[in-house]
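Each chain is listed here by its residues.
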Amino acid sequence: MDFIAGAIGGGLSTAVGYPLDTVKVRIQTERHYNGIWHCIQETYRTEKVWGFYKGVSASVLAVSVISSVSFGTYKNFLCTICKLRYGAADAKPSKLDISLAGGAAGAARVVLMTPSEVAKVRMQTQRNPHPSVTSPQPVSKPKYRGSLHCLKVIAKEEGFGGLYKGCSALLCRDCSSSAIYFLTYSALCDWLTPAGKNKPGFLIVLLSGGFAGVLAWGLATPMDVIKSRMQTHESDQHKYKGLIHCARESVRKEGAKVLFKGLGLNCIRAFPVNMVVFVTYEAVLRLTDHY
C-alpha cells in the first residue's frame, strides 16, 4: 500500500510545484536572468502560461512512479533493518535506521528518475515563443515536440548514455537529501505528536512534511544545479565531461554562488509540494487501514 500512497502523493505534488520547478531550472542553467521575478516575467511574456508547464505530463507520470518506488523502498528497507536489528519489523527504528532507509530510497529512484529528469530539463529550457508574441523573425519549429519525443531524439542523437546524463550528480543529490528528508519528517512528527497518540494529526503531517522538504532541498541545491547543467542541451557552453568538471567550470566562470542558484526558489517550492506529498501519503494509508 505504501507504493500506491507514494504514487498518488508524488503525482499531486508535481502538479502543484511544476511552474516553480521550470523557473528554477531556467535560473540554474541560463545566465541572462536577473532573478526569480525576471525569469517569471520573461517566460510569461514570450511563452504565456504554457511555458511554465513544459514536460508536465511526463513529469507527473514519472514522479508518480518514482515516488511510489521511493516510499515503498523506504518502508520496506526500514522494516527489513528493524527485523534484522531488533527482531520485529514494526519495532521503533533509530535515527540511523531511518537515515539508511532514506538513503536507499534515494538511490533506488535515481535509476528510474534520470531519463525523465533529462527530458524535463530539456523541455523546460527549450524556447517556444507563444503565437501571440510578435517577432520579426519567423518562429522555428521546436526541436522537442513533447517529453516522449524528447527522449526518442536524445536516444537517437546521444545514445543510451544521453538518457543518463547527470546521473552521478543525481545520485549524490538524492541519497543525501532523501536521508535528511525522511529523518526530518520522522523526527518532527515524533516531537510534535502529543504523548499517548499513536499517529500524528494531519496538521503535524503538513508542517513536518513541509519543513522536511525545505531542509532536504536546502542540502540538495548545489548538486541540483550541477545535475541541471549536465542535462541541458549539448551546446558548446554546456559540454561537461562529468560531475567534477561541471562543478569546477561553473564555479570558475560564475563563482561559488552559482552552486546556490535557485536555493530560495527550491525552498519556497519544497514547502507546499512536500506538504501535499506527505498528507496524501498518510491519508491514503489511513483510509485503507480504516476499510
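Not measured: the values here are computed from a predicted model.

Caption draft 1: Layout of a nonpolar patch on the surface. Side chains of Trp 191, Leu 192, Leu 203, Leu 207 and Phe 211 sit close together on the surface and give an oily, nonpolar patch of about 570 Å² of accessible area. Sorting the residues of the nonpolar patch by element identifies α6 (167-192) and α7 (202-231) as the ones contributing at least two each. Here the element with the most residues in the nonpolar patch is α7; it accounts for three residues. Residue placement: Leu 207 occurs in helix α7. With relative accessibility at 36%, the residue Leu 207 sits in the partly exposed group.

Caption draft 2: Seen up close, the UniProt feature "transmembrane region" (unreviewed entry) in the chain. Residues annotated in UniProt with the feature "transmembrane region" (unreviewed entry) correspond here to residues 201-220. End-to-end, the C-alpha atoms of residues 201-220 are 28 Å apart, and along that stretch the chain is 95% helix and 0% strand.

Caption draft 3: Fine view of unusual backbone geometry. A positive phi angle, close to 60 degrees, is found at Lys 48, a residue other than glycine. The topology assignment puts Lys 48 in the loop between α2 (36-47) and α3 (56-86).

Caption draft 4: Examining the packing of α7 against helix α9 (residues 263-290) more closely. The contact between α7 and α9 brings their axes to 6 Å, and the two run at 135 degrees. Here α7 is positioned oblique relative to α9, judged by the angle of their axes. Every pair of crossing elements has a handedness; the one defined by α7 and α9 is right-handed. Its residues placed into classes, the contact of α7 with α9 shows 15 nonpolar, seven polar and four charged.

Caption draft 5: Quick look at the packing of α6 against α7. As a packed pair, α6 and α7 sit with axes 8 Å apart at the nearest point and diverge in direction by 170 degrees. By the criterion of interaxial angle, the relationship of α6 to α7 is roughly antiparallel. For the pair α6 and α7, the crossing hand works out as right-handed. When the residues that make up the contact of α6 with α7 are grouped by side-chain class, the tally is 21 nonpolar, seven polar and three charged.

Caption draft 6: Spatial organisation of the layout of surface pockets. Quantified by volume, the largest pocket comes out at close to 1,000 Å³. Along its surface, the largest pocket is lined by 34 residues, and Lys 75, Pro 93, Ser 186, Asp 190 and Glu 282 are the ones closest to its centre. Residue assignment for the lining of the largest pocket shows that the elements contributing at least two residues are α3, α4 (95-125), α6 and α9. Per-element accounting of the lining of the largest pocket gives the leading share, seven residues, to α6.

Criteria and cut-off values
Residues numbered from 1 in each chain as written. Predicted model: local features only at pLDDT ≥ 70, side-chain atom pairs only at ≥ 80, totals over all residues. Heavy atoms only, no water. Patch = residues over 30% accessible without salt bridge, like charges linked within 9 Å, V, L, I, M, F, W, Y side chains within 5 Å. Areas by Shrake-Rupley, 256 points an atom, 1.4 Å probe, with all protein chains shown as cover. Salt bridge = Lys/Arg side-chain N within 4 Å of Asp/Glu carboxyl O. Helix = DSSP H or I, 4+ residues; strand = E, 2+ residues; numbered from the N terminus. Buried < 20%, exposed > 50% of the residue type's maximum accessible area, 1.4 Å probe, protein only. UniProt positions renumbered as here; feature names shortened; annotations may be inferred. Axes fitted to C-alpha atoms, helices over the stretch in contact; angles between N-to-C directions. Parallel < 35°, antiparallel > 145°, perpendicular 65-115°, else oblique. Left-handed = near helix turned anticlockwise from the far one by under 90°. Nonpolar A, V, L, I, M, F, W, Y, C, P; charged D, E, K, R; others polar. 1 Å grid on protein atoms, 1.4 Å probe; cavity = no way out; pocket = protein on both sides within 12 Å on 5 of 7 lines; lining within 4 Å. Points joined across faces, edges and corners; volume = space filled by probe spheres on them.

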